[in-house]
Amino acid sequence: MKPTTKSLCVALALAVQVIGLGTLIYRYERVVSAGTEVKFQCSAYDPYDPLRGRYLQTRVESSCTNVVLTTEPSYYEVFENRLYALIDPKGSTNGLAQVVQVAEQPTGEGLWVKAKRVRIERLKEGGRRATVSFPDQFFVNEKISLDAEKFLRQRGVTPVAVFRVHDGACLITGIEVDGKPILDRVREWKATQAVEGGR
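Residues numbered from 1 in each chain as written. Predicted model: local features only at pLDDT ≥ 70, side-chain atom pairs only at ≥ 80, totals over all residues. Heavy atoms only, no water.

## Side note on the sheet that holds strand β15 (residues 180-181)
Condition: Should DSSP find at least two bridges between two strands, the strands are taken to pair. Secondary structure counts use DSSP, requiring at least four H or I residues in a row for a helix and at least two E residues in a row for a strand, with both numbered from the N terminus.
If you trace the four strands from one edge of the open sheet to the other, you get β1-β13-β14-β15, paired in antiparallel fashion. Here the strands that pair on one side only, and so sit at the sheet edges, are β1 (36-41) and β15. With two bridges joining them, strand β14 (residues 169-177) and β15 adopt antiparallel strand pairing. Note that in β15 the partner of V177 across the bridge is K180.

Below you can see the structure in the form of C-alpha cells.
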C-alpha cells in the first residue's frame, strides 16, 4: 500500500470515529437540554470497576398493569430495548414519576421512553404486570463515591434518581436526597461526622 493511500485510510478512520463521538455527544446534550425532568425513587451503591472508574450503581424500577401487546408473552418474559413506557411525571403517590403504560409502540400523546429493560409477568388474578428498568449508572467524583455509598446505606436515607427524557431517550442526570444533589448531601454529612468526631 502506498504511503499516501495509507495516510488517507488512517485519516478516514479517524474522521469516522470523531463523527461518531460527536453524534453521541450531540444526542446526550440534546436530551439534557431539551428533555423533560422526571424523578424516581431508587437505591444506589458504589461498585468497584477499575475500567469504568467510580460511579453509583442505581436500581430504578416502576411497574404498571396497563400492558398493550399484540402477542401474549409467556408466564415471565424480559424485553431488552424493545418496548416503550409512558411516564406520568407526578403519577406516584409520593409525587414522583410513575410508569402508567407499556406498549410495543407509543399509543398516543405523552412522555414516552424506549425502555432499557421490561419484565412482564402474568398475574394469578389475571392480567399482566410490566416492570420497567431505567438507566442505572451515575458517574461521580472518585474522591466522594465511597462516602456516597456509606451515606446512602444509612437508615432513613431515600435517594431519588433524576432523569431527562426526550424523543424516546432517557438519561440519568443526578441523584438527590431530600431535594438536594447527592454530592451536596454527602459533604454536609461528612462535615457533621467531623464535628461529632471532634467532640
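Continuing now.
## Description of the pattern of salt bridges
Put simply, the test is: Any Lys or Arg side-chain nitrogen found within 4 Å of a carboxyl oxygen on Asp or Glu counts as a salt bridge. Each residue gets one of three labels from its accessible area relative to the maximum for its type: buried under 20%, exposed over 50%, partly exposed in between, using a 1.4 Å probe on protein chains only.
Summed over all chains, the structure comprises 13 salt bridges. The salt bridge involving K180 is made with E188; its shortest N-O contact spans 2.9 Å. By relative accessible area, E188 is classed as partly exposed at 32%. Salt bridges sharing common partners tie together E37, K39, R164 and E176.

## Re the packing of aromatic side chains
Formally: Two rings from Phe, Tyr or Trp (for Trp, the six-membered ring) form a pair when their centres sit within 6.5 Å of each other. Planes less than 30 degrees apart are called stacked, planes more than 60 degrees apart edge-to-face, and all others tilted.
Applying the stated criterion to the full structure yields four aromatic pairs. Centre to centre, the rings of F40 and F163 are 6.1 Å apart; their planes meet at 75°, and the pair counts as edge-to-face. Of the two residues, F40 is situated in strand β1 and F163 in strand β13 (residues 159-166); the sequence distance between them amounts to 123 residues. Measuring from centroid to centroid gives 5.7 Å for F134 and F163, while their planes differ by 50°, and the two rings are tilted. Note that F134 is positioned in the loop between β11 (128-133) and β12 (137-139) and F163 in strand β13, a separation of 29 residues in sequence. Grouping residues by exposure puts F134 and F163 together as buried. Each residue in the set F40, F134 and F163 is aromatic and connected to the rest through ring pairs, giving one cluster.

## Some words on the side chain of T131
To be explicit about the condition: Two residues form a contact once any of their heavy atoms are found within 4.5 Å.
When you line up the elements, T131 lands in strand β11. Looking at T131, the relative accessible area reads 4%, which means it is buried. Beyond its immediate chain neighbours, meaning those up to four positions away, T131 contacts E61, S62, S63, R117, V118, R119 and E121.

## Observations regarding the nonpolar core
The following threshold applies: Take the buried residues of types Ala, Val, Leu, Ile, Met, Phe, Trp, Tyr and Cys, join any two whose side-chain atoms come within 4.5 Å, and each joined set is a nonpolar core.
Within the largest apolar cluster, 41 residues are counted, with the highest numbers of intra-cluster contacts made by I87, V102, F134, F163 and I182. Residue contacts for F134: discarding those within four places in its chain leaves F40, V60, S62, I87, V99, V113, K116, F163 and C170.

## Some remarks on unusual backbone geometry
Peptide bonds are mostly trans, and most non-glycine residues show a negative phi. Phi is positive for N81, which is not a glycine, with a value near 50°. With respect to the helices and strands, N81 occurs in the loop between β6 (76-80) and β7 (84-88). A relative accessible area of 45% places N81 in the partly exposed class. Phi is positive for D167, close to 50°, though the residue is something other than glycine. Relative to the helices and strands, D167 is located in the loop between β13 and β14.

In short, the description is geometric, and any link to function would need to be established separately.
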